[in-house]
Amino acid sequence: MSMHVRQLTPAIGAVIEGIDLAQGVSADLAAALRQELLKHQVLFFEDQDLTPVQHRDFAARFGALHTHPLYPGVPDAPELFTLDNHAGNPTDNDAWHTDVTFIETPPMGSILHARLLPPNGGDTIWANMKAAYEALSPTLRGFLESLDAVHDFARGFPQRGIVANAAGADKHAKALAEHPPVLHPVVRTHPETGEDALFVNFGFTERIKGLRRKESDAILNMLFEHVTRPEFQVRWRWTPNALAFWDNRITQHYAVNDYLPNRRVMIRATILGERPYHRSRKPAAALAAAE
């Protein structure tokens, strides 16, 4: 069995062919996939008939796994969680975001497996944050590199939101107490490639530290719009048992909410990463320690 890589766009995305992940992943294959991930930011695998345990074990080849504080876990592999959206449980993640940036060590990556798909719709779009950063003017890049931003669990999962309601008030309150706001650099240096990329996202970034609210809102809103340029993107049309593996340190993604009232069931593994930093500065501390 030989691996073949088919690039999808100049900016981001590649399909990995010739691999059956259910057969297990050797150290050499995991290393080769990691190199392709660094090159393409998001990898797609089709026709991968994985059990949740196999999915978990594949993800664990790349690092320790994060357990989400709100989403329901998978019985056979509680580190994974299920996104089951339909008319009775509509999605609320149809916004550009980078996963779990509300913790001090946001994920290195995420691996999403399609288990049940609507007859049409339900695509996911990813965007390359290195390309978005490099498309800004040098003057603006220099300014942004000096800034930290507040990432807040409560912004992404408000008390009256769909996910919070499904999880229950007690579980949400516990998660809120355990996840105070944190600081991350607005521009992040990738720990493996040394590339700089934007690291703010609509889902969790609340404000830029040290700026007045109107100043912060103006800059963040400009960046939130900027990252959605089609030149930075790849759009993936899911097929049954397809799997996507993305580098959470250098991408954002958007789940297209166009399939309701049909049902869409996905299972995700989330691989923990390291504290973000910019090459010119020390890592940002937790918000509580910084203010």
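To start, this report covers the structure provided alongside it.

Conventions and cut-offs
Residues numbered from 1 in each chain as written. Predicted model: local features only at pLDDT ≥ 70, side-chain atom pairs only at ≥ 80, totals over all residues. Heavy atoms only, no water. Salt bridge = Lys/Arg side-chain N within 4 Å of Asp/Glu carboxyl O. Helix = DSSP H or I, 4+ residues; strand = E, 2+ residues; numbered from the N terminus. Buried < 20%, exposed > 50% of the residue type's maximum accessible area, 1.4 Å probe, protein only. Pairing = 2+ DSSP bridges. Axes fitted to C-alpha atoms, helices over the stretch in contact; angles between N-to-C directions. Core = buried A, V, L, I, M, F, W, Y, C linked by side-chain atoms within 4.5 Å. Contact = heavy atoms within 4.5 Å.

## Thoughts on the pattern of salt bridges
Link 1 in the chain: Evaluation of the coordinates by the stated rule reveals 22 salt bridges.
Link 2 in the chain: For D123, the salt bridge identified is with R235, shortest N-O distance 2.9 Å. Here D123 is found in the loop between β6 (107–116) and β7 (124–128), whereas its partner R235 is found in strand β13 (residues 233–236), with 112 residues between them in sequence.
Link 3 in the chain: Here R213 and E206 are joined by a salt bridge, their closest N and O atoms 3.5 Å apart.
Link 4 in the chain: You can call R213 partly exposed: its relative accessible area is 40%.
Link 5 in the chain: Because the salt bridges share partners, they merge into one network encompassing R34, R188, E192, D247, R249 and E274.

## Topic: the sheet that holds strand β12 (residues 205–208)
Link 1 in the chain: Strands sit in the order β9-β8-β12 across an open sheet of three strands; the sheet is antiparallel. Edge positions in the open sheet fall to β9 (182–185) and β12, since each of these has one partner strand only. Strand after strand, the sheet turns through a mean of 35° between neighbouring axes, direction not considered.
Link 2 in the chain: Direction of pairing for strand β8 (residues 148–151) relative to β9: antiparallel, over a ladder of four bridges. Residue pairing for β9: A149 is matched across the bridge by H184.

## Observations regarding the nonpolar core
Where a protein is soluble and globular, its nonpolar side chains tend to be buried together.
Link 1 in the chain: Grouped together as the largest cluster of nonpolar side chains are 27 residues, with contacts concentrated most on V42, F44, F102, W126, F157, W236 and W238.
Link 2 in the chain: Of all the elements in the fold, those that place two or more residues in this core are β3 (42–45), β5 (77–85), β6, β13 and β14 (243–247).
Link 3 in the chain: Once residues lying within four places of it in the same chain are set aside, the contact partners of W236 are L8, V15, F44, E46, D123, T124, W126 and A242.
Link 4 in the chain: Counting residues in hydrophobic clusters, the runner-up holds 26 residues, among them L21, L29, A59 and L243.

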